[in-house]
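Survey of secondary and tertiary structure
Chain residues, written in single-letter form:
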Amino acid sequence: MDFNKVISNKDFTVIKFTATWCGPCKKVAPTFDDLAVSQDYKNCTFVSVDIDEFEEISNKYRVTSIPYFVGIKGGQEVQAVQTANKEKLIDWCRTLVAS
């Protein structure tokens, strides 16, 4: 995956920072997956980044706890949130695409 190419598109990219050992990440994963295929977010690209595999990317976005979500538009970070709460993630995505 060419990460820089993915995040440089004109539309939104939602990055989920996660790890295989993270319980809260596993809890929120189905919601993230549902959002990724939802017609409400058809102009968004959803990407998962394992912090153990891609430490450089995690450091770039100052990830200190997970699950951590970053909204990107045109290559620029516009919003970020740390949550394992399904409703909070859904509300955050709605706010992100409305901005």
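Bear in mind that the values here come from a model prediction, so they are computed numbers and not experimental data. Going along each chain's sequence as written, the residues are numbered from 1 onward. Local features are withheld for residues below a pLDDT of 70 in this predicted model, meaning they are given only at 70 or higher, and side-chain atom pairs are given and counted only at 80 or more; totals for whole chains, interfaces and linings count all residues. Here the side-chain values reflect all heavy atoms present in the structure, with hydrogen atoms and water set aside.

Let's talk about the side chain of Asp50
Helix numbers and strand numbers start at the N terminus; a helix is a DSSP run of H or I with at least 4 residues, a strand a run of E with at least 2. Relative to the helices and strands, Asp50 is located in strand S2 (residues 44–50). Under the rule applied, a polar contact is a pair of N or O atoms within 3.5 Å (in protein, one hydrogen donor and one hydrogen acceptor; residues adjacent in sequence only if both atoms are side-chain atoms). In this structure the side chain of Asp50 is engaged in a polar contact, spanning 2.8 Å, whose partner is the backbone nitrogen of Asp52. Contacts between residues were defined by any pair of non-hydrogen atoms, one from each residue, lying within 4.5 Å. Excluding anything up to four places from it in sequence, Asp50 contacts Thr18, Ala19 and Thr20.

What to know about the nonpolar core
Ile15, Phe17, Val49, Tyr61, Val63, Ile66 and Val70 are the most contacted members of the largest nonpolar core, which totals 16 residues. For this core, the secondary-structure elements that each account for two or more residues are strand S1 (12–18), S2 and strand S3 (68–73). Looking at which element gives the most residues to this core, the answer is S3, with 3 residues. In this view, Val49 contacts Phe3, Ile15, Lys16, Phe17, Thr18, Phe54, Ile57 and Ser58; residues no more than four positions away in its chain are not counted. Membership of the second largest hydrophobic core comes to 15 residues, among which are Val14, Val28, Phe69 and Ile90. Definition of nonpolar core: a set of buried residues of the types Ala, Val, Leu, Ile, Met, Phe, Trp, Tyr and Cys, connected through side-chain atoms within 4.5 Å. The rule is simple: take the accessible area with a 1.4 Å probe, protein chains only, and divide by the maximum for that residue type; under 20% is buried, over 50% is exposed, in between is partly exposed.

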